[in-house]
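Inside the fold
Residue strings, one per chain:
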Amino acid sequence: MGGRRRFLWTAWLGLLGVMLAEGAWVVVDFLRPRRARRREEADAVVVAGPVDRFEPDSVTAFPQGRFYLVRLADGGFLAVSRECTHLGCTVPWVAEEHRFVCPCHASAFDVHGDVVDPPAPRALDLYEVRIENRVVKVNTANRQRRRAFEAAQVTRA
Amino acid sequence: MTRTDPANPASQVTPGLLQRVWRSIVRGPIRPRSDRDRKWIVFNSFVLHFRPVRLPEKTLRYTHTFGLGGMSLVLVLLLIATGALMMFGYEPSPQGAYASVVGLERDVLFGRLVRSVHHWSANFLIAVVVLHLLRTYFTGAHHPPRQFNWVLGLGLLLCVLASNFTGYLLPWDQLSYWAVTISTGMIGYVPLAGEWLQRVVRGGPEIGGATLITFYTLHTTIVPVTIVLLMGFHFWRVRKAQGVVVPRAPGEPVEESPHKVLGLPYLLLRELVVGLILLAFVMVFAALVAAPLGEAANPGMSPNPAKAPWYFLGIQELLLHFHPVFAVVLLPLCALLALLLIPYVRYDEDTSGIWFVSRRGRRLARWAAGLAAVLTPLWIVLDEFVIDFGGWLSGVPAALSEGVVPVAILGGVLAGLYLAARRRIGATRNEAIQAAFVFLFVAFAALTATGVWFRGPGMALVWPWGS
């Protein structure tokens, strides 16, 4: 093949490759989770209520925010995700047993969200709790993964 | 028919318009009067030219192929037809999906029947393609020149699974919502990219509108188009390999020029009969057993037990016994890789066309199946009540104690059995690999059966009869 013909073949095949790459880029961009779904900051903050409404050593469900507000016996607050860390089932609070029990694979978590029964691999996720003017607010925009419960995770009034 | 007499140009008659149009579409005879006509019809019809003009008579025997490939095609066509009908009424949004399915069943004439036919065809399709894979494997149809067609078949199997799984979510009832939650939850265990991959599949952090529209699009366009294209490729490779593998008895040499018969009528009539019987069966079954539809999806309440679709329950069962990375990622990937490599192993002999390789191969396969059928349930029960690698080896990481250790033990058992078959019994590589294949397949089937029938609330072992 002559030099010119080979050059043209290479150039056209190269252009074909560029076209395919562009196409792939478009596809990937279409499949990426839409960023527009990010909720407004004000929207993501759930106002749970005044501090005194929650008894020490109690668990209150907030279905809209998809979390439980836990008030520990010492008065500290934790916002615990209701999603099991094993496969994502919704864990109900079983008051009689004083723990969260997953209906799907029988994982269990204590009031801090710590695993007491496998197969769940880590503690329930947390949401950030803020207390402003003695009102509890939970920011549901960011869910924080954690291995286990630590005292630093607790918010106090 | 108009004929021209070359000696007498005056005898030329121009056919009428209708006849000319007709003959522009169908260029040959409609009703064949001779074998020549029959060949012409098959050869010149767009649809029929997918079928062979002539084929070895021996391959016609029903128990050679059981018509499983053709049955898959019939089911795919049925799924496309019923699926297209349902698309007219379905609304892919979390608010509207369930109501539109209920409306389809309640208000549309034959709505429930069409949905049931779609549902059952999809489930039968999985069973039929798996049986087709088994038939192909056990008649040695993965030897050259059919190696790559085995790979294409695996691609089709994956597409069928993808199609089933994406369709599973669409009714948006409790069953589908939680099955897909659990199945996509498994994706999260993929090392490094797991969370990102899960977000892409779900279209966001949790299952919702974005998931539904993604699954709907995959289910109604991308996957079916891929299946149809791959099927064309698959059939074409069968034609290029001179049809399906020609059966022979153990020890019999490959026949150079087997006796052939015409595709029309011998093959096409048989295919028509199998297709019609299958169609009638699916219709009757769907009329008697309606496709299930539970309560509307409730993200706040997981049912107990919550299970993945039945074809993924084998993997969900693995999850109860192994570290998640092993159960969800490594073991399935190894299985897929092994399946892909089956046609490319260097075998001792070409056993294409012989059921189960040889007489000894058949005996070994039976032993392997029996052993797996006993060992798998035994191991499941022991693991539930006795074995506790995580507890015994509490000092080491879980990936080691619940992943590497049990996998190494099981791999050791399998390797030991393979070597025993090779050294003690003197099995050929074909026979020993077939035995390993049978062992693993039966073990997986037993895991799936356990997940379907023997797992109750909290995924505890239960006895399905009695209580």
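Within any chain, residue numbers begin from 1 and follow the written order of that chain's sequence. For this description, chains carry letters from A and ligands carry numbers from 1, given in the order in which they are written. Given that this is a predicted model, residues contribute local features only at a pLDDT of at least 70 and side-chain atom pairs are listed and counted only at 80 or more, while totals for whole chains, interfaces and linings are drawn from all residues. Only hydrogens and water are removed before side-chain values are computed, so all heavy atoms of the structure are retained for them.

This brings us to the packing of helix α5 (residues 97–107) of chain B against helix α6 (residues 111–138) of chain B. Residues and elements named next belong to chain B. Every axis corresponds to a line fitted to the C-alpha atoms, with the helix fit spanning only the stretch in contact, and the corresponding angles, defined between N-to-C directions, vary from 0 to 180 degrees. Elements are defined by DSSP. Helices are runs of H or I of four residues or more, strands are runs of E of two residues or more, and each kind is numbered from the N terminus. Their axes nearest at 6 Å, the elements α5 and α6 cross at an angle of 120°. Taken together, the axes of α5 and α6 lie oblique to each other. Along its contact with α5, which presents Val101, Leu104 and Glu105, the element α6 presents Gly111, Arg112 and Arg115. Orientation labels follow simple angle bins: below 35 degrees gives roughly parallel, above 145 gives roughly antiparallel, 65 to 115 gives roughly perpendicular, and whatever is left gives oblique. Throughout, a residue-residue contact means that at least one pair of heavy atoms, one from each residue, lies within 4.5 Å.

Two side chains of opposite charge can pair, provided their charged atoms sit close to one another. Salt bridges are defined by distance alone: a side-chain nitrogen of Lys or Arg within 4 Å of a carboxyl oxygen of Asp or Glu. In the structure shown here, the tally under the stated rule is 20 salt bridges over all chains. Ionic pairing is found between Lys58 of chain B and Glu255 of chain B, a salt bridge with its closest N-O pair at 2.9 Å. Separated by 197 residues along the polypeptide, Lys58 of chain B in the loop between β1 (54–56) and α3 (62–65) and Glu255 of chain B in the loop between α10 (209–240) and β2 (260–262) bring together distant segments of the chain. Throughout, exposure labels follow a simple rule: accessible area from a 1.4 Å probe, protein chains only, divided by the maximum for the residue type, with under 20% read as buried, over 50% as exposed, and the rest as partly exposed. Overall, Glu255 of chain B belongs to the partly exposed group, its relative accessible area being 40%. Salt-bridge contacts for Arg360 of chain B lead to Glu431 of chain B; the nearest nitrogen and oxygen are separated by 3.0 Å. Of this pair, Arg360 of chain B sits in helix α14 (residues 359–385) while Glu431 of chain B sits in helix α17 (residues 429–453), and the two are 71 residues apart along the sequence. Taking relative accessible area as the criterion, Arg360 of chain B reaches 27% and is therefore assigned partly exposed. A single network of salt bridges, built from pairs that share partners, joins Glu83, Arg122, Asp125 and Arg143 of chain A.

This part is about the packing of aromatic side chains. Think of it this way: a Phe, Tyr or Trp ring, Trp meaning its six-membered ring, pairs with another when their centres are within 6.5 Å, and the plane angle makes it stacked under 30 degrees, edge-to-face over 60, tilted otherwise. Taken as a whole and judged by the stated rule, the model has 31 aromatic pairs over all chains. Put simply, the rings of Tyr62, Phe66, Tyr137, Phe138, Trp150, Trp355, Phe356 and Phe437 of chain B pair up and form one aromatic cluster.

Residue and element names in this part refer to chain A. Strand pairing follows a simple DSSP-based rule, namely that at least 2 bridges must link the two strands. In the sheet, strand β4 (residues 77–81) pairs with strand β9 (residues 126–132) via two bridges, with the strands oriented antiparallel. Within β9, the position partnered with Val80 by the bridge is Leu126. Of the pairings in the sheet, the one linking β9 to strand β10 (residues 135–144) comprises six bridges and is antiparallel in character. Bridge pairing in β10 places Arg130 opposite Lys137. Hairpin remark: β9 followed by β10, antiparallel, with two residues in the connecting loop; positive phi at Asn133, about 55°.

Core analysis: the largest hydrophobic core is formed by 101 residues, its most contacted members being Val70 and Phe100 of chain A together with Trp172, Met186 and Ile227 of chain B. Ranked by residues supplied to this core, first place goes to α6 of chain B with twelve residues. Those residues in contact with Ile227 of chain B, other than ones at most four positions away along the chain, are Val76, Leu156, Cys159, Val160 and Ser163 of chain B. The set of buried Ala, Val, Leu, Ile, Met, Phe, Trp, Tyr and Cys residues whose side-chain atoms join them within 4.5 Å is what this entry labels a nonpolar core. Phe67, Phe77, Val129 and Val138 of chain A belong to the second-largest nonpolar core, a separate cluster that totals twelve residues.

Turning our attention to empty space enclosed by the protein. The distinction between a cavity and a pocket rests on a 1 Å grid over the protein atoms alone: a 1.4 Å probe fits inside a cavity but cannot get out, while a pocket stays open yet meets protein on both sides within 12 Å along at least five of seven lines, and a residue with an atom within 4 Å of a point counts as lining. Grid points are joined across faces, edges and corners, and a volume is the space filled by probe spheres set on the points. Tallying each qualifying case throughout the model produces two cavities of 30 Å³ or more. By volume, the largest cavity amounts to about 160 Å³. Lining of the largest cavity is provided by 15 residues; of these, Arg66, Glu83, Gly88 and Thr90 of chain A together with Glu206 of chain B occupy positions nearest its centre. Asp, Glu, Lys and Arg are counted as charged, while Ala, Val, Leu, Ile, Met, Phe, Trp, Tyr, Cys and Pro are counted as nonpolar; the rest, among them Gly, fall into the polar class. Of the residues contributing to the lining of the largest cavity, the split by class is five nonpolar, four polar and six charged. The wall of the second largest cavity is formed by Tyr137, Phe138, Thr139, Gly140, His142, His143, Tyr347, Thr351, Ile354, Val357, Asn430 and Gln434 of chain B. For the lining of the second largest cavity, the secondary-structure elements that each account for two or more residues are α6 and α17 of chain B.

Hydrogen bonds between backbone groups are what pair the strands of a sheet, and the pairing can be parallel or antiparallel. All names here are of chain A. With respect to topology, six strands assemble into an open sheet ordered β1-β10-β9-β4-β3-β2, the strand pairing being antiparallel. With partners counted over all chains shown, the strands left at the sheet margins are β1 (45–50) and β2 (58–62), one partner each. Strand-to-strand twist across the sheet, computed as the mean angle between neighbouring axes with direction ignored, equals 25°.

All names here are of chain B. Where helix α7 (residues 147–169) meets helix α8 (residues 174–187), the closest approach of the two axes is 7 Å, and the angle between their N-to-C directions is 130°. Between α7 and α8, the angle is such that the two are oblique. Here Phe165, Tyr168 and Leu169 of α7 lie close against α8, whose contacting residues are Leu175, Ser176, Tyr177, Ala179, Val180, Ser183 and Thr184. When grouped by side-chain class, the residues that make up the contact of α7 with α8 number seven nonpolar, three polar and no charged.

Parts of the prediction with low pLDDT should not have their coordinates interpreted in detail. Looking at chain B, pLDDT values average 90 and 97% of them are 70 or higher. For this predicted complex, the interface confidence comes out at an ipTM of 0.80, alongside a pTM of 0.89. pLDDT is defined as a per-residue confidence score from the predictor, taking values between 0 and 100.

Before going further, it helps to examine the environment of Val42 of chain B. Residues and elements named next belong to chain B. With respect to the secondary-structure elements, Val42 resides in helix α2 (residues 35–44). Each C-alpha atom, one on Val42 and one on Pro265, is 9.9 Å from the other, the two residues being 223 residues apart in sequence. Not counting residues within four places of it along the chain, the set of residues in contact with Val42 comprises Leu48, His49, Arg51, Pro52, Val53, Leu264 and Leu268.

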